[in-house]
Amino acid sequence: MGKLSKRTVDQAMPRDADYFIWDDELPGFGLRVFTSGRRSYVVQYRAKGRTRRFTIGVHGVWTPETARREARVLLGRIAQGDNPAEQRELDHRAITVKELCERYMADAKAGLILGKKQRPKKASTIYTDEGRIKRHIVPLLGTRRVKDLTSADVTQFMRDIASGKTKADVKTRRRGRAIVRGGMGTGRRTVGFLGALLTYAREAGIIDSNPAHGIRKAADQKRTRRLSEDEYRLLGKLLAKALADDQLRTSAKITRLLALTGCRRGEILNLTWSEVDTANSCLRLHDTKEGASVRPIGLPAVDMLEADRPREAVGPVFRGFLDGKPLIGYPKHWDKIFAKTPLADVTPHVLRHSFASIANDLGFTESTVAALLGHAQGSVTSRYIHAVDTSLIMAADRTHAGVEISGQQNDARQSRSDAYAWTWCCEQRR
């Protein structure tokens, strides 16, 4: 047939079946003529014992000269071991970020994704991950192919979240709303989760490297807010007032126990009577952020729990309106208790931070404070509490500054530092 030229291509007419016109000057380069009359330039070659065909493009978009130049490049790559037809097939089959998220969540719900201490992710963590996927990752990156993501894409993704590009206010349930504000902190945490997603993709062989590695993220802002002596007294007065309100009474008790123990909000909200061991002055929490945890508690917390213990101590300590279920709506009650007061900016974590700060001020070591709070670094110390480590219980008791404890065998009572007046003390002195 000779060399493929524009005249040859223009004269190629459709037949009853597709056929090829091969170029004699460049072996492997040819023209495919379809029964519809459409014509495409192709390269045919052998790879791994199979004949493969790669389509360069249709005539009209490509001319014989431009298609020939492209064919020379492709045949050169093939001679070096490349397989462009296979690569194109893989590109067509490459999954998107949205599809990767679906695979990841399916494995997470099946317990195949390991989190802290190599344990399957908790339901609460999976719920948070789903929110980040739905609110941020899919809207910004969902249609992108995972293999095409670059470090620049991940950096821009973080900046878009920080600038509020994904902010939204949507209805989630009959009376529920999801308010997404974005911000630097949200961007940093979501990029951290995206990095975990891409590590999952790398381990699955979908990508060779993780483009989220090495991304510069804003430093996490350290929380320094803690309650002062006067603020603790005010806290006591506000909780005393809330205790007189039938609607807020349970939430006031929850808040008081948070202040007296330094526990996380969820640990107290979901506390059950089976976890309360007042005889040994501790809470034996079955499931926390760090797994099972035993927390020593002081005398005021023990007295409070004993006063509220029902005859049949089963189920949640702080019951809600539904029988057998813990209280819901605590954040709204919190707002009602502290709204339009000097403590309006206080959060449950501030109570936890204040508890730790007071323990530190009293001279307890970092490992002791970690054990009181249930931090991961206190895991070794926590093992001793199963045998009821009295020194830790005394540390918890002493941290309740201003609260009196039994000191000597003759039941003599000694008063602690009034500089840190805790809620229990304030309620008694209001």
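Residues numbered from 1 in each chain as written. Predicted model: local features only at pLDDT ≥ 70, side-chain atom pairs only at ≥ 80, totals over all residues. Heavy atoms only, no water.

(A) Geometry of the overall build of the protein. Within the protein one finds 17 helices and eleven strands. Among the 430 residues that make up the protein, the fraction classed as buried is 43%. For the protein, contacts bridging at least 24 residues in sequence account for 56% of all contacts bridging at least 6. Carbon and sulfur atoms make up 49% of the accessible area of the protein, which amounts to about 24,100 Å² in all. (Helix = DSSP H or I, 4+ residues; strand = E, 2+ residues; numbered from the N terminus. Buried < 20%, exposed > 50% of the residue type's maximum accessible area, 1.4 Å probe, protein only. Contact = heavy atoms within 4.5 Å. Areas by Shrake-Rupley, 256 points an atom, 1.4 Å probe, with all protein chains shown as cover.)

(B) Looking closely at unusual backbone geometry. For K48, which is not glycine, the phi torsion reads 55° and is therefore positive. As for its placement among the helices and strands, K48 is situated in the loop between strand 3 (39-47) and strand 4 (50-58). Judged by relative accessible area, which is 72%, K48 ranks as exposed. Non-glycine residue K340 carries a positive phi angle of around 60°. By the element assignment, K340 lies in the loop between helix 12 (330-338) and helix 13 (348-361).

(C) Main features of the environment of L4. With respect to the helices, strands and loops of the structure, L4 is situated in the segment before helix 1 (6-11). On the accessibility criterion, L4 (2% relative accessible area) is buried. Taking the C-alpha atoms as reference points, L4 and D23, separated by 19 residues in sequence, lie 5.4 Å from one another. When neighbours within four sequence positions are excluded, L4 is seen to be in contact with V9, I21, D23, F29, G30, L31, P64 and R68.

(D) Broad picture of the sheet that holds strand 3. The four strands are arranged 1-2-3-4 in an open sheet whose pairing can be described as antiparallel. Each edge of the sheet is formed by a strand with only one pairing partner; in this case those strands are strand 1 (19-22) and strand 4. Taken over all neighbouring pairs, the strand axes of this sheet differ in orientation by 35° on average, direction set aside. As defined by bridge partners, strand 3 adjoins strand 4 across eight bridges and the pair is classed as antiparallel. Looking at the pairing, A47 lines up with R50 of strand 4. Packed on one face of the sheet, helix 2 (residues 64-79) meets strand 2 (29-33), strand 3 and strand 4 and runs near 15° to strand 3. (Pairing = 2+ DSSP bridges. Axes fitted to C-alpha atoms, helices over the stretch in contact; angles between N-to-C directions.)

(E) Spotlight on the pairing of strand 9 (residues 291-296). Across the six residues that make up strand 9, a large majority, five, are buried. Sheet analysis places strand 8 (residues 282-288) next to strand 9, joined by five bridges and oriented antiparallel. What sits directly across from C282, in strand 9, is P296. Connecting the antiparallel pair strand 8 and strand 9 is a turn made up of two residues.

(F) Representation of the confidence of the model for the protein within the structure. Predicted confidence across the protein gives a mean pLDDT of 85, with 86% of residues reaching 70 or more. In the predicted structure, residues 378-388 sits below a pLDDT of 50 and forms 16 contacts with residues beyond four places in sequence or in another chain. The low-confidence segment residues 401-430, where pLDDT is below 50, has 68 contacts with residues more than four positions distant or belonging to other chains. (pLDDT = per-residue confidence, 0-100.)

(G) Representation of helix 2. Compared with an ideal rise of 1.5 Å per residue, which puts 16 residues at 22 Å, helix 2 spans 22 Å between its outermost C-alpha atoms and is within 8% of the ideal. All buried positions along helix 2 are accounted for by P64, A67, R68, A71, L74, L75 and I78. On an axial view of helix 2, the arc spanned by its buried residues comes to 125°, and they lie on one face. After helix 2 finishes, the residue G81 shows a positive phi value of roughly 110°. (Expected span 1.5 Å × (residues − 1). Arc of directions from axis to C-beta.)

(H) Local environment of the packing of helix 9 (residues 249-261) against helix 12. Running from N to C, helix 9 and helix 12 cross one another at 85°; their axes reach a closest spacing of 10 Å. In terms of orientation, helix 9 and helix 12 fall into the roughly perpendicular class. Mapping the contact onto sequence places S251, A252, I254, T255 and L258 in helix 9 and Y330, H333, W334, I337 and F338 in helix 12. (Parallel < 35°, antiparallel > 145°, perpendicular 65-115°, else oblique.)

(I) A look at helix 6 (residues 151-162). In a regular helix each residue adds 1.5 Å, so twelve residues correspond to 16 Å; helix 6 covers 17 Å between its end C-alpha atoms and thus fits that length. Taken together, the buried positions of helix 6 are D153, V154, T155, F157, M158, D160 and I161. In this structure, the buried residues of helix 6 make contact with helix 5 (123-141) and helix 7 (184-203). Taken from the residues just after helix 6, G164 is the one with a positive phi, measuring 90°.

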